[in-house]
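One letter stands for each residue in the lines below.
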Amino acid sequence: QVQLVESGGGLVQPGGSLRLSCAASGITFSLYAMSWYRQAPGKQRELVARLIGSRSTNYSDSVKGRFTISRDNAKSTVYLQMDSLKPEDTAVYFCNAFSLSGPAHYWGQGTQVTVSS
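From a predicted model like this one, the values you see are computed outputs, not experimental measurements. (Residues numbered from 1 in each chain as written. Predicted model: local features only at pLDDT ≥ 70, side-chain atom pairs only at ≥ 80, totals over all residues. Heavy atoms only, no water.)

Brief notes about the pattern of salt bridges
So, step 1. Inspection of the entire model under this criterion finds 4 salt bridges.
So, step 2. One salt bridge in this structure joins glutamate 46 and arginine 38, with 2.7 Å as the shortest N-O distance.
So, step 3. With a closest N to O distance of 2.9 Å, aspartate 89 and arginine 38 form a salt bridge. Note that aspartate 89 is positioned in the loop between strand S8 (77-82) and strand S9 (91-99) and arginine 38 in strand S4 (residues 32-39), a separation of 51 residues in sequence.
So, step 4. Judged by relative accessible area, arginine 38 falls into the buried class, the value being 6%.
So, step 5. The network of salt bridges with common partners includes Arg38, Glu46, Arg66 and Asp89. (Salt bridge = Lys/Arg side-chain N within 4 Å of Asp/Glu carboxyl O. Helix = DSSP H or I, 4+ residues; strand = E, 2+ residues; numbered from the N terminus. Buried < 20%, exposed > 50% of the residue type's maximum accessible area, 1.4 Å probe, protein only.)

This is the structure:
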């Protein structure tokens, strides 16, 4: 059974930082590209950051320079370091894994991030 479990969300003031974690089980983690998406109330889910392998990254323009995605294959965990947070970063953040060798992809349950003073 595949599970992606996010953690690390919470309430933070503007300008603050949070680090999200997503622990995967039931997959060969190193064979999956890992991504973070987010969905704000009333908006579509959007890609925040993607990591293919250990070095190939993509970021949305809205977070470039503020967020950093990384992974630890030994722990089957992907991280999202979020710095200089803004109120518009408020959303539920979802972890996504998709196979580099087939159509399989999986979602976590999401973790709430609220940026507010």
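Comments concerning the packing of aromatic side chains
So, step 1. Under the counting rule described, the total for this entry stands at 3 aromatic pairs.
So, step 2. Measuring from ring centre to ring centre gives 4.9 Å for tyrosine 37 and tryptophan 107, while their planes differ by 65 degrees; the resulting arrangement is edge-to-face. In this pair, tyrosine 37 sits in strand S4 while tryptophan 107 sits in strand S10 (residues 105-107), placing the two residues 70 residues apart along the sequence.
So, step 3. Note on tryptophan 107: relative accessible area 34%, which makes it partly exposed. (Phe/Tyr/Trp six-rings, centres within 6.5 Å; stacked < 30°, edge-to-face > 60°.)

Observations regarding the sheet that holds strand S7 (residues 67-72)
Strands pair in a sheet through their backbones, by hydrogen bonds, and they do so in one of two ways: parallel or antiparallel.
So, step 1. Pairing within the open sheet is antiparallel, and its 4 strands lie in the order S1-S3-S8-S7. The two strands at the open ends of the sheet, each matched to only one other strand, are strand S1 (3-7) and S7. Geometrically, the sheet is characterised by an average inter-axis angle of 15 degrees between neighbouring strands, direction not taken into account.
So, step 2. Across 5 bridges, S1 lies against strand S3 (residues 18-25) in antiparallel orientation. Within S3, the residue paired with valine 5 across the bridge is alanine 23. (Pairing = 2+ DSSP bridges. Axes fitted to C-alpha atoms, helices over the stretch in contact; angles between N-to-C directions.)

Brief notes about unusual backbone geometry
So, step 1. One non-glycine residue, serine 76, lies in the positive phi region at around 50 degrees.
So, step 2. Summarising the element assignment, serine 76 is placed in the loop between S7 and S8.
So, step 3. Residue serine 76 is classed as buried on the basis of its relative accessible area of 18%.
So, step 4. The residue serine 84 is not glycine, and still its phi comes out positive at about 50 degrees.

Observations regarding the pairing of S8
So, step 1. Judged by how many residues are buried, S8 sits mostly within the fold: 5 of 6 residues are covered.
So, step 2. Note: S3 against S8, 6 bridges, orientation antiparallel. When the sheet's bridge partners are listed, cysteine 22 is paired in S8 with valine 78.
So, step 3. Bridge count for S7 against S8 is 6 bridges, and the pairing is antiparallel.

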